[in-house]
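This is what each chain is made of:
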Amino acid sequence: MAEHIGIVGAGYVGLTSAACFARLGHRVTCVDTDESKVDELRRGVVSIAEPGLAELVAQGLGDGTLTFTTAQAELHGAGLVFLCLPTPPGEGGRPDLGVLERVVPQLGRLLRPGCVVVTKSTVPVGTAARLPGLLGRGDLPVAANPEFLREGHAVEDFLHPDRVVVGTDPPGSAAAVRVARLYEPAGAPVVTTDSASAELAKYASNAFLAVKLSYVNVLAELCELFGADVREVARTMGLDARIGPEFLAPGPGWGGSCLPKDTSALLHAAEAAGVDFGILRDAVRVNARQRARVVRAVRQAVTGSAASSLAGARIGLLGLAFKAGTGDLRDSPALAVAEDLARAGAELTAHDPAVARVPGTSAVQVVDDPYLVAKDAAALVVLTEWPEFRDLDWARLAASAARPIVVDTRNLLDPVALAAAGVTHIGVGTRRSLTPFE
Ligand code: UGA
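All figures in this text were calculated on a predicted structure; none of them were measured in a lab.

Caption draft 1: Focus on the overall build of the chain. The helix and strand inventory of the chain stands at 14 helices and 14 strands. Computed over the C-alpha atoms, the radius of gyration of the chain is 24 Å, within 12% of the 22 Å expected from 2.2 N^0.38 for a compact globule of 438 residues. For the C-alpha atoms alone, the extent of the chain along its principal axes is close to 70 × 50 × 40 Å. Burial status across the chain gives 54% buried among its 438 residues. Expressed as a percentage of contacts within the chain between residues at least 6 apart in sequence, the contacts between residues at least 24 apart total 72%. Averaging the positions of the 41 positive and the 49 negative side-chain charges in the chain gives two centres separated by 2 Å.

Spelled out as C-alpha cells, the structure:
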C-alpha cells in the first residue's frame with residue numbers, strides 16, 4: 001500500500017531514504033530548512049556523491065512521487081514522518097539533540113492524528129520514548145527505525161538491507177507493522193522489538209565493528225613482531241562463519257562520520273549508567289595508537305629512527321578520505337596521520353581521487369595528479385585504499401621520488417610488483433611492515 005511519507009532533513013540519511021521510499025512507490029515529501037539545498041534538489045542537483053542517488057532523485061522528481069520543500073506544513077497530510085536530523089557529538093562526545101528538540105515540537109503542532117513519527121538517524125537510547133513528550137501529543141504513535149547505511153553504498157544498503165529493525169513500545173504495535181511494511185520489497189529479516197532495543201542495536205553494531213577493527217590492528221602489530229602475516233591470519237579467521245571475513249583488514253585506524261561518533265556516544269551512555277565498557281574504551285585507545293604507529297613507521301622509513309624530526313622532509317600522501325569510494329574527510333585517519341607528520345616537520349603533498357582540498361589547513365598541499373606527490377619525496381604513504389593506486393606507474397613514481405619507499409597502511413599494493421619497479425614496500429602486519437627496525 002502506497003503511503004504519504006514525510007522526511008525531515010535532506011542530508012545523507014534523509015535524502016537516501018526519501019529517494020528510495022519514492023522508488024518503492026510511495027509519495028514522499030522531503031523537508032529541509034536549507035533553501036539553497038531545496039532549490040538544488042528541486043532541479044535534480046544532488047551534491048552527495050552516492051552511486052545511484054542522483055538517478056533515483058531524478059526519477060522521483062520526474063514521476064512526481066518525490067517533492068522537496070522548506071515548508072514543514074506540507075507534512076500535514078503525511079501518514080508517517082521520518083526524522084533524519086543531525087545528532088553531532090556535543091559536549092564530551094555526547095550526542096547533541098538540539099536540532100531534534102527544536103524541530104519535534106514544531107511537528108507536534110502540525111501533524112494529523114495517527115501520523116507515525118519515526119527516528120531514522122542515530123539517536124541515543126531513550127529518544128523514541130521521549131518523542132510523545134516533545135511532540136506534546138498523545139495521538140501520534142512513535143517508532144525507532146535506525147539506518148545501517150554505509151557511505152558509498154547507501155542506496156544499495158537501503159534497498160537491499162541485511163536487516164531492518166523496528167522498535168515500538170509495546171513491540172509489534174500497529175505503527176510497527178506499518179513501518180515494517182514499507183520495507184517488504186527488500187525481503188530482509190525484520191526485527192520487531194521495543195524502541196530501546198532498536199536504538200541500542202544501532203550503536204551496538206557500529207561499536208562492534210570498531211572493536212573488530214581495533215582487534216585486527218593489534219593483531220597486525222603482533223604479526224609484525226612474530227613474523228606472521230596478518231592477511232593470512234585474517235583470512236583463516238574470516239572463513240569461520242561465526243567471525244566472518246568483513247572488517248578484518250588492518251589500516252591506519254578507523255574513522256568517518258559514524259564509528260568514532262557512535263563509539264564515543266555509547267561509551268558515554270554506558271558510563272552514565274555506571275557500566276565500565278572497557279573493551280570499547282580500549283578499541284578507541286588502540287585506534288589512536290594505530291595512527292601513532294603509522295607516523296613512527298614513516299619517521300623510521302625517512303630518517304632511520306622512529307622518533308626523529310621530519311623537518312624539511314617531503315612526504316607524498318596517497319589518499320585523504322576516511323575510506324575509498326568517498327571524498328569524506330570527517331574524522332579521517334588519513335588526515336590525522338597527515339597532521340601528525342606535519343607537526344613533526346614534514347612537507348606534505350597529497351592526492352586523493354575524490355578530494356580537491358582540505359578545508360581549514362595549509363599543512364597539506366593537495367594536487368590532482370598522483371605523480372606530483374612523488375616529486376622529490378623521501379617517502380610515499382598510502383592512507384586510503386583507492387584501487388586505482390594499484391595501477392599507477394610505480395617505476396615512474398620511483399624515478400621522481402628522492403627515495404623510492406612506500407609505507408602502505410592498507411596493504412593495498414603488491415609488494416612483488418613494487419619490488420620489480422624498484423620500490424621498497426612497507427605494509428602493515430606483514431613481514432616488512434610498520435614496526436620499526438631500530
Ligand atoms: C558505518 C557502518 O559500516 C554502517 O553500517 C553504518 O550505517 C554507518 O557507519 C552509520 O552509522 O551511518 P561508514 O561510516 O560509511 O559506515 O564506514 P565503514 O564502511 O563502516 O568504514 C569505517 C572505517 O573502518 C573506515 O575508516 C574504513 O577505512 C575502516 N575499515 C573498514 C578498515 O580499516 N578495515 C576494514 O576491513 C573495514
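Here the narrative resumes, following the displayed structure.
Caption draft 2: Representation of the layout of surface pockets. By volume, the second largest pocket is sized at about 890 Å³. Lining of the second largest pocket is provided by 42 residues; of these, Gly11, Tyr12, Leu85, Pro86 and Arg330 occupy positions nearest its centre. Listing elements by their share of the lining of the second largest pocket, those giving two or more residues are helix 1 (12-23) and helix 4 (98-108). For the lining of the second largest pocket, the per-class residue count stands at 16 nonpolar, 16 polar and 10 charged.

Caption draft 3: The nonpolar core, seen in detail. Membership of the largest hydrophobic core comes to 42 residues, with the highest contact counts inside it found for Ile315, Leu317 and Leu341. Contributions of two or more residues to this core are made by helix 8 (195-226), helix 9 (230-238), helix 11 (278-303), strand 9 (314-318), helix 12 (333-343), strand 10 (347-351), strand 12 (379-382) and strand 13 (405-408). Among the elements that line this core, the one with the most residues is helix 11, at 6 residues. Among all residues touching Leu317, those that are not within four sequence positions of it are Ala338, Leu341, Leu348, Thr349, Ala350, His351, Val373, Val381 and Leu383. Within the second largest apolar cluster, 40 residues are counted, among which are Ile7, Val46, Val57 and Val164.

Caption draft 4: The arrangement of the pattern of salt bridges in detail. Enumeration over the complete set of coordinates arrives at 20 salt bridges. Residues Glu156 and Arg150 are paired through a salt bridge, measuring 3.8 Å at the closest nitrogen-oxygen approach. A salt bridge links Lys261 to Asp262; the shortest N-O distance between them is 3.0 Å. By the burial criterion, Lys261 is buried, and Asp262 matches it. A single network of salt bridges, built from pairs that share partners, joins Glu221, Glu224, Arg289 and Arg293.

Caption draft 5: Quick look at the site of the ligand. For the ligand, the set of nearby residues contains 20 residues, the closest of which are Glu151, Lys202, Asn206, Ala249 and Arg410. Within the backbone of Phe148, an N or O atom sits 3.4 Å from an oxygen atom of the ligand. Measuring from an oxygen atom of the ligand, one finds a side-chain N or O atom of Lys323 at 2.9 Å. Against a free-state accessible area of 720 Å², the protein chains account for coverage of 91% of the ligand. Contributions of two or more residues to the shell around the ligand are made by helix 8 and helix 10 (259-272). In terms of residue count, the dominant contributor to the shell around the ligand is helix 8 (4 residues). Of the residues assigned to the shell around the ligand, the class counts are 11 nonpolar, 2 polar and 7 charged.

Caption draft 6: Highlighting a nonpolar patch on the surface. Where nonpolar side chains cluster on the molecular surface, the patch consists of Leu222, Leu225 and Phe226 and spans about 340 Å² of accessible area. Judged by its relative accessible area of 35%, Leu222 is partly exposed.

Caption draft 7: Quick peek at the pairing of strand 1 (residues 4-8). Most of strand 1 is tucked away, with 5 of its 5 residues classed as buried. Side chains His4, Gly6 and Val8 project from strand 1 onto one buried face, and the interleaved Ile5 and Ile7 project onto a second face that is buried too. As paired strands, strand 1 and strand 4 (residues 80-83) are joined by 4 bridges and run parallel to one another. Bridged to Ile7 within strand 4 is Phe82.

Caption draft 8: Local environment of empty space enclosed by the protein. Going through the model one piece at a time under the given rule, you end up with 3 cavities of 30 Å³ or more. For the largest cavity, the calculated volume is near 50 Å³. Taken together, Ala10, Leu15, Lys37, Glu40, Leu41, Val45, Val46, Ser47 and Ile48 make up the full set of residues lining the largest cavity. Sorting elements by how many residues they give to the lining of the largest cavity places helix 2 (residues 35-42) first, with 3 residues. By residue class, the composition of the lining of the largest cavity is 6 nonpolar, 1 polar and 2 charged.

Caption draft 9: Representation of unusual backbone geometry. In this structure, the amide linkage connecting Asp169 to the following residue, Pro170, adopts the cis form with an omega of 0°. Looking at the secondary structure, you find Pro170 in the loop between strand 7 (164-167) and helix 7 (174-182). Even without being a glycine, Asp376 presents a positive backbone phi close to 60°. By secondary structure assignment, the location of Asp376 is in the loop between strand 11 (364-366) and strand 12.

Caption draft 10: Just the packing of helix 8 against helix 11, in detail. Relative to each other, helix 8 and helix 11 sit at 50°, their axes nearing to 9 Å. Between helix 8 and helix 11, the crossing angle belongs to the class labelled oblique. For the pair helix 8 and helix 11, the sense of crossing is left-handed. Along the contact surface, helix 8 presents Ala207, Ala210, Val211, Ser214, Asn217, Val218, Ala220, Glu221 and Glu224, while helix 11 presents Ile279, Leu280, Ala283, Val286, Asn287, Arg289, Gln290 and Arg293.

Caption draft 11: Representation of the environment of Val118. Its place among the elements puts Val118 in strand 5 (residues 116-119). For the pair formed by Val118 and Glu221, sequence separation is 103 residues and the distance between their alpha carbons is 43 Å. The residues contacting Val118, other than those within four sequence positions of it, are Val81, Phe82, Leu83, Ala143, Asn145 and Val179.

Parameters at a glance
- Residues numbered from 1 in each chain as written.
- Predicted model: local features only at pLDDT ≥ 70, side-chain atom pairs only at ≥ 80, totals over all residues.
- Heavy atoms only, no water.
- Helix = DSSP H or I, 4+ residues; strand = E, 2+ residues; numbered from the N terminus.
- Rg over C-alpha atoms; globule rule 2.2 N^0.38 Å.
- Buried < 20%, exposed > 50% of the residue type's maximum accessible area, 1.4 Å probe, protein only.
- Contact = heavy atoms within 4.5 Å.
- Lys, Arg positive; Asp, Glu negative; His and termini not counted.
- Charge placed at Lys NZ, Arg CZ, Asp CG, Glu CD.
- 1 Å grid on protein atoms, 1.4 Å probe; cavity = no way out; pocket = protein on both sides within 12 Å on 5 of 7 lines; lining within 4 Å.
- Points joined across faces, edges and corners; volume = space filled by probe spheres on them.
- Nonpolar A, V, L, I, M, F, W, Y, C, P; charged D, E, K, R; others polar.
- Core = buried A, V, L, I, M, F, W, Y, C linked by side-chain atoms within 4.5 Å.
- Salt bridge = Lys/Arg side-chain N within 4 Å of Asp/Glu carboxyl O.
- Near = heavy atom within 4 Å.
- Polar contact = N/O pair within 3.5 Å; in protein donor to acceptor, adjacent residues only side chain to side chain.
- Areas by Shrake-Rupley, 256 points an atom, 1.4 Å probe, with all protein chains shown as cover.
- Patch = residues over 30% accessible without salt bridge, like charges linked within 9 Å, V, L, I, M, F, W, Y side chains within 5 Å.
- Pairing = 2+ DSSP bridges.
- Axes fitted to C-alpha atoms, helices over the stretch in contact; angles between N-to-C directions.
- Parallel < 35°, antiparallel > 145°, perpendicular 65-115°, else oblique.
- Left-handed = near helix turned anticlockwise from the far one by under 90°.

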